[in-house]
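Here are the chains, one letter per residue:
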Amino acid sequence: MVADNFFRGWPQHNITAIFQEAPGGGNTRDINSPRNAPAKTPKSHLSRVFWHSSFFQFELVAPVLTKVVTHTALAGKQRWSGIDLNNNLINNVTTKPTVLGAFIESRGDVRVTDIVLMTHNLGYVPLYFIAHAGRVLCNGLNIQSLASGQMRTVSAFATSSVIGIRETAISADVALPAISKTYEVMAFRSPAANAGKAMWSFDGDAMLLGRGIVDSRKEYVRSVLSSESSFDIDLGRTMDIKNGRTRYSSGGIVTTEPDYNGSFAGSPYKAIGV
Amino acid sequence: MGRMYPKPNKHIQFDQNGQRIWSSDGPPVNYLPEADWLRGPLTVAFPDFVKRNAYYVGNPGGGSTFCMSLITIIPGEWGPSGAGVYNLPDIILGTVPADTNHIDVRVNLSRTKGPSNYMAFAIPSLIPAGENHLPGGSCQCEAIALWRRLFEIVRVGNNVVLRRYQSVINAGDGMNWLSNNSDQNDVGGVRSGYTYGGGTNARLGHMASIRDRKTRPASPARKDRASGACSTQDNTNYASTFTGTFTIRPGYIKP
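It should be emphasised that the depicted structure is a prediction, and the values quoted were computed from it without experimental measurement.

This next bit is on the overall build of chain B. A tally of regular secondary structure across chain B gives zero helices and 17 strands. Over its C-alpha trace chain B gives a radius of gyration of 28 Å, far above what one expects of a compact globule, namely 18 Å for 255 residues. Dimensions of chain B, computed from the C-alpha atoms along their principal axes, are close to 95 × 30 × 30 Å. Put simply, chain B has 255 residues, and 59% of those count as buried. The long-range fraction of contacts in chain B, counting pairs at least 24 apart against all pairs at least 6 apart in sequence, stands at 67%. Accessible surface, chain B as shown: approximately 9600 Å² in total, 49% of it carbon and sulfur. Each charge class in chain B can be summarised by its mean position, and for the 26 positive and 18 negative side chains these summaries are 3 Å apart.

Set out below in C-alpha cells:
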C-alpha cells in the first residue's frame with residue numbers, strides 16, 4: 001500500500017518539499033511538527049523525501065546529444081632492441097635483426113587521442129554524463145579487446161568548453177582495427193534559487209518550484225517509470241583487476257578480459273533518465 | 001502548462017503539457033546541498049613493482065663474450081588486503097549521512113609521476129585532463145599488456161574511502177632459461193643464454209627494460225665476474241602518482 005505523499009511549503013523557512021510524513025502527527029502547517037520532519041531535516045529522512053528545495057539536482061542544459069564516433073585503426077608495430085655479434089647496440093629498430101645476438105621484441109604501438117563529443121562553451125565545467133551501450137561510461141572502459149593484445153579504452157572528461165572522451169589505442173604486432181561506437185552526451189547545471197521568486201509560482205505556462213530552481217519547461221535526471229527511455233547508473237564499484245586484467249560490470253552487464261581470474265560480481269545499479 | 005497533481009496511485013506528478021518531469025513514484029535523483037559535499041585534494045599513489053633481473057651472456061666463440069642485462073617485473077597483486085609491500089591501505093576522504101545511498105564522484109587529476117618505460121613504450125595515463133566523472137567510483141588509470149592500475153572512491157559504512165589496486169599478470173614460467181640457471185657448461189666454458197636473478201620468483205619475471213649491454217670483448221661478460229659484467233642494479237621506477245582534487249556529492253536515488 002502506497003503511503004500518502006504531500007506537497008507543502010514554508011516560505012518563511014525557504015522550504016518546499018514533496019514527501020511522506022514521518023510518524024508523530026502535529027500541525028501540518030508547523031515545520032516543527034514531527035510529521036514534517038522530512039521537510040525540516042531532509043537528509044535524516046531521505047527515503048521519505050521525493051523532492052526538496054534544498055536539494056541539488058541535475059538540470060539538462062541542452063537536448064541529449066547522440067554522437068557516433070569512428071575510432072580509427074592503429075597499425076601494428078614491432079621493434080627490436082639488444083646487442084648483436086658485431087658489437088652493434090640495437091635500439092628500437094623496426095626491421096628484425098638478421099645478425100645473431102640478444103634481442104627483445106616490443107610489440108605494438110600506443111596512441112592517445114582526445115575526442116570532442118559536445119562543444120558547449122558554457123564558460124564553466126558542467127556536470128555531465130556520457131552513456132555508452134545504455135550505461136554511464138566508466139573511466140578507462142575497455143571498448144575493444146582482441147586476441148593478440150590489442151585494446152582500446154575510453155575515459156570521459158569535461159572542460160569549460162567541451163565534453164569528450166580520451167581514447168587510448170594499443171596495437172600489437174598486428175593492427176587494432178577501427179570500430180564505431182555511439183555515445184549519448186548530457187550536460188547539466190544546477191540553477192540557484194532566485195530570491196525574487198516565490199516558493200511556488202508560474203512563469204507563463206511553466207510552473208516553478210523552490211524560487212525557480214525547478215522549472216517545468218526543463219528536464220531533470222530522475223528515476224524512470226516503465227516504458228521510459230533510460231540508462232543505468234552504477235551505485236558501487238564497476239571494475240576489478242586481477243592477474244593483470246580487468247573485469248567491468250556496469251548496469252548488470254559484465255565484460256571480462258581473458259586471463260582475469262578474480263571473482264568480482266558487480267554492484268547494484270539503477271535505471272535513470274531525463 | 002506546468003502542473004502538480006495527485007495521481008490515482010497516490011503519487012504526486014509534476015509535468016509540463018502531460019510530459020512527466022518527475023513524480024514521487026519516479027522522483028528526481030536528489031543530491032544534498034553544497035554544504036554536505038566532500039571536496040579536497042587527492043593524491044593517488046601507486047608503488048613500484050617488485051623487480052628482478054635477467055642476464056644474457058653471448059658466447060659466439062673465439063674467446064670473447066658479450067652481455068645484456070634486463071630489469072624484470074614479477075607478478076603480484078596489490079590492494080587493501082595485500083600483505084607487506086603489497087598492502088595499499090584505505091584512505092578515508094570523509095563521511096556522508098547514513099541515509100544517503102549514492103555518491104556522485106568527480107575528480108580532476110593529472111599524473112604527476114609516471115612509470116618508467118616498459119620495453120619501447122611510454123605508459124599512457126587513462127585519465128584525461130579536465131573533470132572526470134567516475135560512476136560507481138571506479139577509475140582505471142593504467143592498462144598495458146603487463147599490468148593494470150585502478151583506484152576507486154567508494155562508500156564503506158558512512159566513510160568515503162580511496163582504495164587502490166595494481167596487478168601484474170602471471171604468465172607462468174615460459175622463458176627458456178639456461179639449465180641450472182647457470183651460463184657455465186659442463187666443461188667449464190660459457191654457454192649462451194639467459195639466467196635469472198634478484199630474488200624469489202625471478203623465473204616469472206617479465207622483461208621490462210634493458211639495463212646494460214657490453215660488447216665484445218667484455219673480458220668476460222659473465223654475471224658473476226667483478227669486471228666486464230653487465231650491471232643488474234635496478235635503475236627503473238614503475239611507481240605512478242596522480243594528483244588533483246575530488247568532489248563527492250552524496251545523494252539518494254529511489255530504490
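This is not the end of the story, as more comes after the structure.
With that settled, the discussion passes to empty space enclosed by the protein. Residue and element names in this part refer to chain A. Under the criterion given, the structure shown has one cavity of 30 Å³ or more. When its volume is computed, the largest cavity comes out at roughly 40 Å³. If you go around the largest cavity, the residues you meet are H132, R135, V136, L137, C138, L141 and S250. Grouping the amino acids of the lining of the largest cavity by side-chain chemistry returns four nonpolar, two polar and one charged.

In globular proteins that are soluble, nonpolar side chains generally tend to be buried together. Core analysis: the biggest nonpolar cluster contains 34 residues, and M68, I73, Y118, L146, W147 and Y194 of chain B have the highest contact counts within it. Listing elements by their share of this core, those giving two or more residues are β8 (101–107) of chain A together with β6 (51–61), β7 (64–73), β15 (193–197) and β16 (206–214) of chain B. For this core, the leading source of residues is β7 of chain B, giving four residues. Excluding residues that lie within four positions of it along the chain, Y118 of chain B makes contacts with I123, I144, L146, W147, M207, A208 and Y238 of chain B. With 23 residues, the next largest nonpolar core counts C138, I143, Y183 and A187 of chain A among its residues.

You can see L32 of chain B is positioned in the loop between β4 (30–31) and β5 (38–46). Separated by 219 residues in the primary sequence, L32 of chain B and G251 of chain B have C-alpha atoms spaced 5.6 Å apart.

The pairing of strands in a sheet comes from backbone hydrogen bonds and takes either a parallel or an antiparallel form. All names here are of chain A. Read across the open sheet, the three strands follow the order β1-β2-β3; overall the sheet is antiparallel. One side of each edge strand has no neighbouring strand; the edge strands of this open sheet are β1 (6–10) and β3 (49–52). Here the average twist between neighbouring strands, direction ignored, is 15 degrees. Where β1 and strand β2 (residues 15–19) come together, five bridges link them in antiparallel fashion. Across the sheet, G9 pairs through a bridge with T16, a residue of β2.

Bringing unusual backbone geometry into the picture now. One non-glycine residue, R211 of chain A, lies in positive phi territory at about 60 degrees. By the secondary structure assignment, R211 of chain A is in the loop between β17 (206–209) and β18 (214–215). According to the relative accessible area criterion, R211 of chain A is buried, its value standing at 15%. The backbone of N201 of chain B sits at a positive phi, close to 65 degrees, despite the residue not being glycine.

Criteria and cut-off values
Residues numbered from 1 in each chain as written. Chains lettered and ligands numbered in written order. Predicted model: local features only at pLDDT ≥ 70, side-chain atom pairs only at ≥ 80, totals over all residues. Heavy atoms only, no water. Helix = DSSP H or I, 4+ residues; strand = E, 2+ residues; numbered from the N terminus. Rg over C-alpha atoms; globule rule 2.2 N^0.38 Å. Buried < 20%, exposed > 50% of the residue type's maximum accessible area, 1.4 Å probe, protein only. Contact = heavy atoms within 4.5 Å. Areas by Shrake-Rupley, 256 points an atom, 1.4 Å probe, with all protein chains shown as cover. Lys, Arg positive; Asp, Glu negative; His and termini not counted. Charge placed at Lys NZ, Arg CZ, Asp CG, Glu CD. 1 Å grid on protein atoms, 1.4 Å probe; cavity = no way out; pocket = protein on both sides within 12 Å on 5 of 7 lines; lining within 4 Å. Points joined across faces, edges and corners; volume = space filled by probe spheres on them. Nonpolar A, V, L, I, M, F, W, Y, C, P; charged D, E, K, R; others polar. Core = buried A, V, L, I, M, F, W, Y, C linked by side-chain atoms within 4.5 Å. Pairing = 2+ DSSP bridges. Axes fitted to C-alpha atoms, helices over the stretch in contact; angles between N-to-C directions.

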